[in-house]
Amino acid sequence: MGNPSLFESAVNWIRTGYPEGIPPTDFPPLLALLIQSLDEEQVTDVVLRLARDHGIDEPLTEQQIHDAIAKVTAEQPTKGEINQVAGRLASAGWPLATPPSAS
């Protein structure tokens, strides 16, 4: 079997980093990291897949996810919040989530 796609890898790293689900406080920084690595359609697909995996009672719509992405883009999480989530994902093996260097 071949290497997993970036999409499948992202889903797997998030599942590993957040086995109990993503807390609301980590969702904006997670989206901020995802939109640095994936296009909007891929981010939407990742979020929908994870919501389905965790049995979210109220189904998410693509519009809700697009709105959340727009909000994160407009109101960027702090570097500290992004670094916290990046560190958690990096510990799960996500090479794209390495916190930026302090320059």
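Rules and cut-offs
- Residues numbered from 1 in each chain as written.
- Predicted model: local features only at pLDDT ≥ 70, side-chain atom pairs only at ≥ 80, totals over all residues.
- Heavy atoms only, no water.
- Helix = DSSP H or I, 4+ residues; strand = E, 2+ residues; numbered from the N terminus.
- Buried < 20%, exposed > 50% of the residue type's maximum accessible area, 1.4 Å probe, protein only.
- Contact = heavy atoms within 4.5 Å.
- Areas by Shrake-Rupley, 256 points an atom, 1.4 Å probe, with all protein chains shown as cover.
- Core = buried A, V, L, I, M, F, W, Y, C linked by side-chain atoms within 4.5 Å.
- Salt bridge = Lys/Arg side-chain N within 4 Å of Asp/Glu carboxyl O.
- pLDDT = per-residue confidence, 0-100.
- Axes fitted to C-alpha atoms, helices over the stretch in contact; angles between N-to-C directions.
- Parallel < 35°, antiparallel > 145°, perpendicular 65-115°, else oblique.
- Left-handed = near helix turned anticlockwise from the far one by under 90°.
- Nonpolar A, V, L, I, M, F, W, Y, C, P; charged D, E, K, R; others polar.

Novice: I'd love a proper account of the overall build of the protein chain, names of residues and values included.
Specialist: Check the secondary structure of the protein chain and you find five helices and zero strands. When the elements of the protein chain are put in sequence order from the N terminus, they spell out α-α-α-α-α. Expressed as a percentage of its 103 residues, the buried residues of the protein chain come to 34%. Relative to all contacts within the protein chain whose residues are 6 or more apart in sequence, the contacts with residues 24 or more apart total 69%. Accessible area for the protein chain stands at about 6,300 Å²; split by element, carbon and sulfur atoms hold 53% of it.

Novice: Describe the nonpolar core, listing the residues and the values that go with them.
Specialist: Ranked by internal contacts, the top residues of the largest apolar core, which has 24 residues, are I14, L30, L34, V43, V46, L89 and W94. If you list the elements that add at least two residues to this core, you get α1 (6-17), α2 (27-37), α3 (40-53), α4 (62-74) and α5 (79-91). Once you skip the residues sitting within four places of it in the chain, W94 turns out to touch A10, W13, I14, L30, L34 and L89.

Novice: Which residues make up the side chain of T44, and what are the values?
Specialist: Counting through the fold element by element, T44 comes out in helix α3. Not counting chain neighbours up to four residues away, the residues in contact with T44 comprise E62, I65, H66 and I69.

Novice: Hey, could you go over the environment of I14 for me, with residue numbers and the actual values?
Specialist: Within the fold, I14 resides in helix α1. Overall, the relative accessible area of 1% leaves I14 in the buried class. For the pair I14 and V46, spaced 32 residues apart in sequence, the C-alpha separation works out to 9.3 Å. For I14, the residues in contact, after removing those within four places along its chain, are I22, L30, L34, V46, L50, L89 and W94.

Novice: Tell me about the pattern of salt bridges, and please be specific about residues and values.
Specialist: Enumeration according to the criterion identifies one salt bridge in this entry. Between E8 and R49 there is a salt bridge, and its shortest N-O distance comes to 3.0 Å. With a gap of 41 residues between them, E8 in helix α1 and R49 in helix α3 connect regions that are remote in the sequence.

Novice: Describe the confidence of the model for the protein chain, with residues and values.
Specialist: Averaged over every residue, the pLDDT of the protein chain is 80; the share at 70 or more is 83%. When mean pLDDT is compared element by element in the protein chain, α5 scores highest at 89, while α4 scores lowest at 82. pLDDT under 50 marks residues 97-103. Its contacts with residues more than four places away, or in other chains, come to nine contacts.

Novice: Let's hear about the packing of α3 against α4: which residues, and what values?
Specialist: In contact at an axis separation of 10 Å, α3 and α4 are set at 120° when each is read in the N-to-C sense. Classified by the interaxial angle, the pair formed by α3 and α4 is oblique. Taken as a pair, α3 and α4 cross one another with a handedness that is right-handed. In this structure, α3 uses E40, V43, T44, V47 and L48 to contact α4, whose residues at the interface are E62, I65, H66 and I69. The class makeup of the residues in the contact of α3 with α4 is five nonpolar, two polar and two charged.

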